[in-house]
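Given next are the chains, with one letter for each unit.
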Amino acid sequence: MRRRPLRPLLAGRAAAVAVSIGALLGPALATAPAHADARATCELQDGIVLRDTIGNTFTKALYCDNLPADLYGRPTFSAPVTGWLLLSPSWFTCYSIGPKDTKGNDVWYYTQGDRVGDLPYIKGWGNVPAEMVQLPAGMPHPAAGLPRCPWY
């Protein structure tokens, strides 16, 4: 199984943050392969603190398998691409409602990408359509317990 620590907010602190988070959450980050079936794993974590580059603080995150994806500056396909999800699993701090994806979902999840795109000062934070987040079979979007993003 592959594990990935939380992506750090500042690139210069990546190693320290990864070691700290990995030590705290180690077993919670173990997941199954990235495809939607009964083996897909998602877990809601409480009591964490994540801050994005525009001043929002989040105390919950959904750790879930995902497909590689573009991240958008707003929950719409016409927004600038702010980053990319390249690895799985990833964490998602909240959800918004936007245009439907190819599977008919209008839910979009907010996260920080593995790679920064347009608007580098945002450091890869953005929205991804629900079809890219691999919830276990039978679990509907948005994932239960994940808060709605404060700006929508």
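Given the structure is predicted, the values throughout are model-derived calculations rather than measurements.

Attention now moves to the nonpolar core. What tends to happen in soluble globular proteins is that the nonpolar side chains get buried as a cluster. Leu62, Cys64, Phe92, Tyr109, Val128, Val133 and Leu135 are the most contacted members of the largest nonpolar core, which totals 17 residues. Breaking this core down by element, the ones donating at least two residues are β2 (57–66), β3 (69–72) and β7 (107–112). Excluding residues that lie within four positions of it along the chain, Cys64 makes contacts with Thr41, Cys42, Pro89, Ser90, Phe92, Val133, Gln134 and Leu135. Counting 11 residues, the second largest nonpolar core, distinct from the first, contains Trp91, Cys94, Tyr110 and Cys149.

Another point: unusual backbone geometry. That bond from Ser88 to Pro89 is cis: its omega, 5°, falls within 30 degrees of zero. Position of Pro89 among the secondary structure elements: in the loop between β4 (81–85) and β5 (90–92). Residue Pro142 is reached from His141 by a cis peptide bond, and omega for that bond is -5°. With respect to the secondary-structure elements, Pro142 resides in the segment after β10 (133–134). Phi at Leu119 takes a positive value of approximately 60°, unusual for a residue other than glycine. In this fold, Leu119 is placed in the loop between β8 (115–116) and β9 (125–129). By relative accessible area, which is 27% here, Leu119 ends up partly exposed. We note that Lys123 has phi near 60°; this positive angle belongs to a residue other than glycine. Mapped onto the elements of the fold, Lys123 is located in the loop between β8 and β9.

As a further point, take the state of the cysteines. Under the definition given, this model contains two disulfides. Between the sulfur atoms of Cys42 and its disulfide mate Cys64 the distance is 1.7 Å. With a gap of 22 residues between them, Cys42 in strand β1 (residues 42–51) and Cys64 in strand β2 connect regions that are remote in the sequence. Overall, Cys42 belongs to the buried group, its relative accessible area being 17%.

For the chain, the mean per-residue pLDDT works out to 79, and 73% of the residues sit at or above 70. Counting contacts from residues 1–37, a segment whose pLDDT is below 50, to residues more than four positions away or on other chains yields 66 contacts.

What follows deals with the pattern of salt bridges. What the rule picks out here adds up to one salt bridge. Asp46 is the partner of Lys60 in a salt bridge, and the nearest nitrogen-oxygen pair spans 3.8 Å. With Lys60 in strand β2 and Asp46 in strand β1, this residue pair connects regions lying 14 residues apart in the sequence. Accessibility expressed as a relative area gives 28% for Lys60, which makes it partly exposed.

Each value, and the rule that gives it
- Residues numbered from 1 in each chain as written.
- Predicted model: local features only at pLDDT ≥ 70, side-chain atom pairs only at ≥ 80, totals over all residues.
- Heavy atoms only, no water.
- Core = buried A, V, L, I, M, F, W, Y, C linked by side-chain atoms within 4.5 Å.
- Buried < 20%, exposed > 50% of the residue type's maximum accessible area, 1.4 Å probe, protein only.
- Helix = DSSP H or I, 4+ residues; strand = E, 2+ residues; numbered from the N terminus.
- Contact = heavy atoms within 4.5 Å.
- Disulfide = S-S within 2.5 Å.
- pLDDT = per-residue confidence, 0-100.
- Salt bridge = Lys/Arg side-chain N within 4 Å of Asp/Glu carboxyl O.

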